[in-house]
Amino acid sequence: MYPITRLRRNRTHRWLRDLVAENILMPENLIYPLFVVEGTNVREEIETMPGIYRLSIDQIIYETSQAESLGIRAIALFPCVDSKLKTAEADEAYNPDNLICRTIKALKQSGITIGIICDVALDPYTSHGHDGIVIDNDVDNDVTIKVLCKQAVALCKAGADIIAPSDMMDGRVSALREALDNEGYTQRAILSYAAKYASSFYGPFRDAIGSSTNLKKGSKATYQMDPRNLQEAIREIELDIQEGADMVLIKPGMPYLDVIRDAANIFSIPIFAYQVSGEYAMLKHGALAKCFDFMSVMIESLLACKRAGATAIFTYAALEVARELQNKPR
Ligand code: PBG
């Protein structure tokens, strides 16, 4: 007890604080999400996400090589699909020459060695902006799964290393595993968005890929999780592990740290967190309004995800943070 015990003693020096630190943020923990568009030499800033761009394939290669040289271990690709190619059945999702497949091939040809994670969901390709095929006014689970399997196989053929289903259909992890194994892709991993909430923090992302106008006021509440629930997230994760997921993802990040912590306590599977577009936008706009220093709040919020139990974190600030960590590790 005080005065013998003084917890401030271990905080006396920077070197001592480093020795007793329970978590360290490293570029190796970061996954860099990137938005791809058609064209060459395109860098189109996303209005609601200052500092984040839609990039043409050549720029994606440049950005990825930067990420690689800074120690980032994977990128995650999201396509901004021309609205003319969007249909009710999302046919473009499994076109072997679609934008995303061409991007993967170009990246592999360029000789990059870091992982390529590809989202599996239909929202970039549907005219209505939903993650699946709509029948009788709702996304049909089993019909959607069939299309997701075709999409995942096309992505693996192009060279995707990790398939990341983000659609929240029931049973899609086992169906995807079977589809990939049948094609001989037994070593391609599945990162399941196991607990993905129906969150308003996805707003800027939907602007970025151009699905917000299509979705209009449509809600994803019949497939994404209810923000009121935690027990259900544990059930979702449990099922995805049984179905063969290699890692599970919790999304968004900071508003759902309790889910990350519980999942890390309960399961022995790698847990990833996704600091989503709205979280990035909040910190960026707050910093632009001079509320705080961007890098400080960004690193603090990424550390929060690590402390909660995530081994890797998707963040739009990955490149900026990795640069910062080069100079000043935390
Ligand atoms: C698509 C998908 C979304 C995000 C990742 N994959 C949006 C959504 O579900 O509406 C959100 C990412 C972000 O906000 O950064 N299924």
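Nothing here was measured: the structure is a model prediction, and the numbers come from that model.

Kindly report on helix H9 (residues 257-266), identifying the contributing residues and their values.
Regarding H9, the residues found buried are Val-259, Ile-260 and Ala-263. Angularly, the buried residues of H9 cover 100° about the axis, an arc narrow enough to put them on a single face. Buried residues along H9 sit in contact with strand S9 (189-196), helix H8 (231-243), strand S10 (247-251), strand S11 (271-274) and helix H11 (294-308).

Break down a nonpolar patch on the surface for me, citing the residues and quoting the values.
Together, Trp-15, Leu-19 and Val-20 make up a nonpolar patch on the protein surface, roughly 350 Å² of accessible area in all. Structurally, Val-20 is set in the loop between helix H1 (14-19) and strand S1 (30-36). Given a relative accessible area of 40%, Val-20 falls into the partly exposed group.

Explain the pattern of salt bridges to me, and be specific about the residues and the numbers.
With the rule as written, the count across this model stands at 16 salt bridges. For the salt bridge of Arg-102 with Glu-38, the shortest nitrogen-to-oxygen distance reads 2.6 Å. Here Glu-38 lies in the loop between S1 and strand S2 (43-45) and Arg-102 lies in helix H3 (residues 99-109), a separation of 64 residues in the sequence. Note that Glu-63 is salt-bridged to Arg-43, the shortest N-O span being 3.4 Å. Of the two residues, Glu-63 sits in helix H2 (residues 57-69) while Arg-43 sits in strand S2, which places them 20 residues apart along the sequence. Connected through shared salt-bridge partners, Asp-123, Asp-131 and Lys-220 make up one network.

I'd like a description of the packing of H8 against H9, backed by residues and values.
Interhelical geometry of H8 versus H9 gives an angle of 45° and a closest axis separation of 10 Å. As summarised for this structure, H8 and H9 are arranged oblique, according to the angle between their axes. With respect to the hand of their crossing, H8 and H9 are arranged in right-handed fashion. Contacts from Ala-233, Ile-234 and Ile-237 in H8 reach Val-259, Asp-262, Ala-263 and Ile-266 in H9. Its residues assigned to classes, the contact of H8 with H9 shows 6 nonpolar, no polar and 1 charged.

Go over H3 with me, naming the residues and quoting the values.
Buried within H3 we find Leu-99, Ile-100, Cys-101, Thr-103, Ile-104, Ala-106 and Leu-107. Its buried side turned inward, H3 meets S1, H2, strand S4 (74-79), strand S5 (115-120) and helix H4 (141-158). Phi turns positive, to about 90°, at Gly-111, one or two residues after H3.

How would you summarise the site of the ligand if you had to cite specific residues and measurements?
Near the ligand you find 17 residues, and of these Lys-196, Arg-206, Lys-251, Ser-277 and Tyr-316 are the closest. At a separation of 2.7 Å, an oxygen atom of the ligand approaches a polar side-chain atom of Arg-206. Burial of the ligand by the protein chains amounts to 100% of its free accessible area of 400 Å².

How would you summarise the environment of Glu-92 if you had to cite specific residues and measurements?
Here Glu-92 lies in the loop between S4 and H3. Residue classification places Glu-92 among the buried positions, given a relative accessible area of 14%. As a C-alpha pair, Glu-92 and Tyr-125 span 33 residues in sequence and 6.2 Å in three-dimensional space. When sequence neighbours within four positions are dropped, the list of residues in contact with Glu-92 reads Leu-85, Asn-98 and Tyr-125.

Quick one: what's the story with the environment of Glu-279, residue by residue and with numbers?
If you trace the backbone, Glu-279 turns up in helix H10 (residues 277-288). Judged by relative accessible area, Glu-279 falls into the buried class, the value being 4%. When the C-alpha atoms of Glu-279 and Tyr-202 are compared, they prove to be 8.6 Å apart, with 77 residues separating the residues in sequence. Here the side chain of Glu-279 touches Gly-253 through a polar contact of 2.9 Å, landing on its backbone nitrogen.

Any details on the pairing of S9? Residues and values, ideally.
Consecutive residues of a regular strand have side chains that alternate between opposite faces of the sheet. Burial analysis of S9 places 8 of its 8 residues in the buried class, which makes it a mostly covered element. Summarising the sheet, strand S8 (residues 162-165) and S9 pair through 2 bridges and their orientation is parallel. What sits directly across from Ile-162, in S9, is Ala-189. Remark: the S8/helix H5 (residues 172-182)/S9 crossover connection has right-handed handedness. Examined bridge by bridge, S9 and S10 share 5 bridges and lie parallel to one another. Among the inter-strand pairings, Ser-192 is bridged to a residue of S10, identified as Val-248.

Rules behind the numbers
Residues numbered from 1 in each chain as written. Predicted model: local features only at pLDDT ≥ 70, side-chain atom pairs only at ≥ 80, totals over all residues. Heavy atoms only, no water. Buried < 20%, exposed > 50% of the residue type's maximum accessible area, 1.4 Å probe, protein only. Helix = DSSP H or I, 4+ residues; strand = E, 2+ residues; numbered from the N terminus. Arc of directions from axis to C-beta. Contact = heavy atoms within 4.5 Å. Patch = residues over 30% accessible without salt bridge, like charges linked within 9 Å, V, L, I, M, F, W, Y side chains within 5 Å. Areas by Shrake-Rupley, 256 points an atom, 1.4 Å probe, with all protein chains shown as cover. Salt bridge = Lys/Arg side-chain N within 4 Å of Asp/Glu carboxyl O. Axes fitted to C-alpha atoms, helices over the stretch in contact; angles between N-to-C directions. Parallel < 35°, antiparallel > 145°, perpendicular 65-115°, else oblique. Left-handed = near helix turned anticlockwise from the far one by under 90°. Nonpolar A, V, L, I, M, F, W, Y, C, P; charged D, E, K, R; others polar. Near = heavy atom within 4 Å. Polar contact = N/O pair within 3.5 Å; in protein donor to acceptor, adjacent residues only side chain to side chain. Pairing = 2+ DSSP bridges. Right-handed = clockwise from strand over helix to strand, strands pointing away.

As far as function goes, none of this settles anything; it's purely spatial.
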